[in-house]
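Summary of structural features
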Amino acid sequence: MRRFSLLVPVIVIAAVGCDRSTTPPDANIGGTYLVTRETPFFDSGCDQNRLGDGKLRKNTRFTLVAARTDCWTIKLDDEDETYIVPTHVRAE
């Protein structure tokens with residue numbers, strides 16, 4: 001009788017420094033926020049069944065202009081306004 005050894009690969013995921021938050025912080029109109037993970041933005045609102053028009057990089061700073069539960073209108077430092085789903089942001 002032959003014995004076979006099964007090697008089971010083990011994947012270890014370190015959560016150190018990971019942003020797992022998907023709950024937006026309190027919306028403070030005029031407040032300054034920071035993107036904590038690469039985030040898609042939309043030029044004409046969040047309620048679209050498509051990919052974003054681009055992505056905001058981690059650590060992008062913005063000012064909150066208007067807020068709904070699932071879509072924020074934001075103003076970037078270069079004065080451009082756009083829309084994001086605020087799942088990976090934090091107040092500054």
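Note that the structure is a prediction, hence the values are computed from the model and not measured. Throughout this document, residue positions are counted from 1 along each chain, in the order its sequence is written. In keeping with the model being predicted, local features are shown solely for residues with a pLDDT of at least 70 and side-chain atom pairs are shown and tallied solely at 80 or more, while totals for entire chains, interfaces and linings include all residues. Side-chain metrics rest on all non-hydrogen atoms present in the structure, leaving aside hydrogens and water.

1. Some points on the nonpolar core
The nonpolar core is taken to be a set of buried Ala, Val, Leu, Ile, Met, Phe, Trp, Tyr and Cys residues, with the residues joined through side-chain atoms within 4.5 Å. With a 1.4 Å probe rolled over the protein chains alone, any residue whose accessible area is under 20% of its type maximum counts as buried; one over 50% counts as exposed, and the rest are partly exposed. Counting residues in hydrophobic clusters, the biggest one holds eleven residues: Tyr-33, Val-35, Phe-41, Leu-56, Phe-62, Leu-64, Trp-72, Ile-74, Leu-76, Ile-84 and Val-89. Elements with a minimum of two residues in this core: strand 1 (32-35), strand 4 (61-67) and strand 5 (72-76). Each helix corresponds to a stretch of at least 4 residues labelled H or I by DSSP, and each strand to a stretch of at least 2 residues labelled E; elements are numbered beginning at the N terminus. No other element matches strand 5, which puts three residues into this core. Whether two residues are in contact is decided by their heavy atoms, any of which lying within 4.5 Å being enough. The contact partners of Ile-74, leaving out residues within four places of it in the chain, are Leu-56, Phe-62, Thr-63, Leu-64, Val-65, Asp-80, Glu-81, Thr-82 and Ile-84.

2. Considering unusual backbone geometry
A positive phi angle is found at Asn-59, which is not glycine, with a value near 75°. In this fold, Asn-59 is placed in the loop between strand 3 (54-56) and strand 4. In this model, Glu-79 sits at a positive phi of 80°, which is unusual for a non-glycine residue. Positionally, Glu-79 belongs in the loop between strand 5 and strand 6 (81-84). Under the relative-accessibility criterion, Glu-79 is labelled exposed at 53%.

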